[in-house]
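Coordinate inspection notes
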Amino acid sequence: MSNLVILGAQWGDEGKGKITDFLAKKADYVVRYQGGDNAGHTVELGEQQYKLHLVPSGILNPGKPCVIGNGVVVNPASLVREIKYLNDLGVSTDSLIISDRAHIIFPYHIEIDRLEEEDRGDLKIGTTIKGIGPCYRDKIERSGIRMCDFENRSSFEKTLRHNIRKKNDLIVKYYGCDPLDEDSMVKEYMSHMESVYRYVTDTNVVMRDALKKEAKILFEGAQGTLLDIDYGTYPFVTSSHPTTCGISAGAGVNPYRLEKALGVVKAYTTRVGKGPFVTELDNEIGDWIRERGHEYGTTTGRARRCGWLDMVMLNYSAEINGFSSIALTKLDTLSDLEILKICVAYKLDGEIINYFPASLETLSRCEPIYIELDGWKLDDVVKAKTYNQLPKNARLYVEKIEELLGLPADIVSVGPKRGETFTRKELF
Ligand code: IMP
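Worth saying up front: this structure is predicted, and the values here are computed from it rather than measured.

To continue, consider the side chain of Ser335. Inspection of the secondary structure assignment puts Ser335 in the loop between strand E15 (325-329) and strand E16 (339-348). Residue Ser335 is classed as buried on the basis of its relative accessible area of 0%. Once residues lying within four places of it in the same chain are set aside, the contact partners of Ser335 are Trp288, Arg292, Trp376, Lys377, Leu378 and Val381.

Now for the site of the ligand. Around the ligand, 16 residues are found, and the nearest of them are Asp13, Asn38, Thr128, Thr238 and Arg302. At 2.8 Å, a side-chain N or O of Asn38 approaches an oxygen atom of the ligand. Contact distances for the ligand include 3.2 Å between a nitrogen atom and a side-chain N or O atom of Gln223. For the ligand, whose unbound accessible area comes to 470 Å², protein coverage reaches 96%. Grouping the constituent residues of the shell around the ligand by class yields 6 nonpolar, 8 polar and 2 charged.

Moving on: the domain arrangement of the chain. Domain annotation for the chain reports domain 1 (2-99 + 200-261), domain 2 (103-197) and domain 3 (265-423). Relative to domain 3, the C-alpha centre of domain 2 lies at a distance of 37 Å. If you look at the interface, domain 2 gives 7 residues, while domain 3 gives 5 residues. Counting the surface domain 2 buries against domain 3, the share from its top three residues, Lys124, Gly126 and Thr128, is 60%. Counting across the domain 2 and domain 3 interface gives 0 salt bridges. A class-by-class count of the residues in the side of domain 2 that touches domain 3 yields 1 nonpolar, 3 polar and 3 charged.

Here we take up the pattern of salt bridges. For the structure on display, the rule yields 34 salt bridges. Note that Arg198 is salt-bridged to Asp94, the shortest N-O span being 3.7 Å. One end of the pair, Arg198, is in the loop between helix H6 (182-196) and strand E9 (200-201); the other, Asp94, is in the loop between helix H2 (76-88) and strand E7 (96-99), with 104 residues separating them in the sequence. Here Arg198 matches Asp94 in class, with each residue exposed. Between Asp202 and Arg101 there is a salt bridge, and its shortest N-O distance comes to 3.2 Å. Taken together, the residues span a long stretch of sequence, with Asp202 in the loop between E9 and helix H7 (203-212) and Arg101 in the loop between E7 and strand E8 (103-104) at a distance of 101 residues. Among the residues examined, Asp202 registers a relative accessible area of 25% and is labelled partly exposed. Judged by relative accessible area, which is 34%, Arg101 ranks as partly exposed.

All right, on to the sheet that holds strand E20 (residues 421-423) then. In spatial order, the strands read E9-E7-E5-E2-E10-E1-E11-E15-E19-E20; together these 10 strands make up an open sheet with mixed pairing. Two strands in the sheet have a free side with no partner beyond their single neighbour: E9 and E20. With 3 bridges joining them, strand E2 (residues 29-32) and strand E5 (residues 66-68) adopt parallel strand pairing. Its bridge partner being in E5, Val31 is matched across the sheet by Val67. Against the sheet, helix H1 (residues 16-24) touches strand E1 (2-8), E2, strand E10 (216-220), strand E11 (260-266), E15, strand E19 (409-413) and E20, its axis set at about 165° to E1.

Conventions we followed
Residues numbered from 1 in each chain as written. Predicted model: local features only at pLDDT ≥ 70, side-chain atom pairs only at ≥ 80, totals over all residues. Heavy atoms only, no water. Helix = DSSP H or I, 4+ residues; strand = E, 2+ residues; numbered from the N terminus. Buried < 20%, exposed > 50% of the residue type's maximum accessible area, 1.4 Å probe, protein only. Contact = heavy atoms within 4.5 Å. Near = heavy atom within 4 Å. Polar contact = N/O pair within 3.5 Å; in protein donor to acceptor, adjacent residues only side chain to side chain. Areas by Shrake-Rupley, 256 points an atom, 1.4 Å probe, with all protein chains shown as cover. Nonpolar A, V, L, I, M, F, W, Y, C, P; charged D, E, K, R; others polar. Domains from an automatic or database assignment. Buried area = accessible area lost by both parts, 1.4 Å probe. Salt bridge = Lys/Arg side-chain N within 4 Å of Asp/Glu carboxyl O. Pairing = 2+ DSSP bridges. Axes fitted to C-alpha atoms, helices over the stretch in contact; angles between N-to-C directions.

Below, the structure written as structure tokens:
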């Protein structure tokens, strides 16, 4: 048996899609366990670029069973769109499996997400406005609608109508906006559900059977550790657990069956949305990294904030997730900078600290303490066909991170294509 967890070590957008796609060919199953279509994974195969939101990146490997676990929140309208997008590009989605316990996102979740963001004013979270938080809230307060509820069409419709009326009350009375149209929403969503219901099954049984036959399972995290509802920079977080702790709750696999966790680490730091960011480069170097690294959101198109690598944050992330190694991505983006910086500790009120504070007020007072390393040239990175052929300073950068984290970088990625990935140790 061999199970591998792939998850984001920072604020998401670390390049998990590419790493998952790369490793998926060796896996028997690829499983998503949290989040929804707020995720954006870009994978390039040959000349074709694929943008995925909800469907696991493993789908680009024909015939690979790809599971959307119970911890994922599914918008049937965007799933229908994504399936069509993939099919139009010649990618089969026949191997997609959706948990009957997964909760459903409806337009009222999206509308409330939007209205709440407006209402927050300066305290805006910067959500993707995909209805993620409001859907998880309904799940926790036990008023959500699950995939399995569609088995009984009439009671599904009845609950949906009841929920629409309740949400319209809030939309009209609290926010003073027009109500959503009940009949057209019911009609549209009953039709979307008919389209996606053929993929729905009890994925706990699928996982149990996979474990029994010692299949290789790849768990694909969305977002990143610092967006975790408990461990992230609350309240500027998503509403699920993009950490290893989310897997047993969101995929139906008990924690004792998880073996290795690969933390995907971008060679620098980015974040979308609001909240303190200790190593942020709000200057021309940050702008330069954004352009070089195409740091614009796959889901929202928003410009990502960019900064140097932060080892205080990464060590925190490694501890929470129990990383066994890391995949370092986008090393090529840093090429041509003369000097690179890595944050190794924070200075807080004159004292040096090496823990990640819970309070955002405290975090915003932390100043980065940097070490400096010499840069390398992109031309030399492009020529490299193996890790050892990378320019010496690029390798020194990787090895410094390994030393500061106490973990090996088993995979180093220097471009978006499958071929631009150096495996230093086989993971499966
Ligand atoms: P939500 O998940 O749409 O509720 O957004 C909550 C926070 O998570 C916001 O700061 C979003 O920008 C961020 N977020 C959600 N999904 C992603 C992602 O896939 N990559 C990076 N940030 C994300």
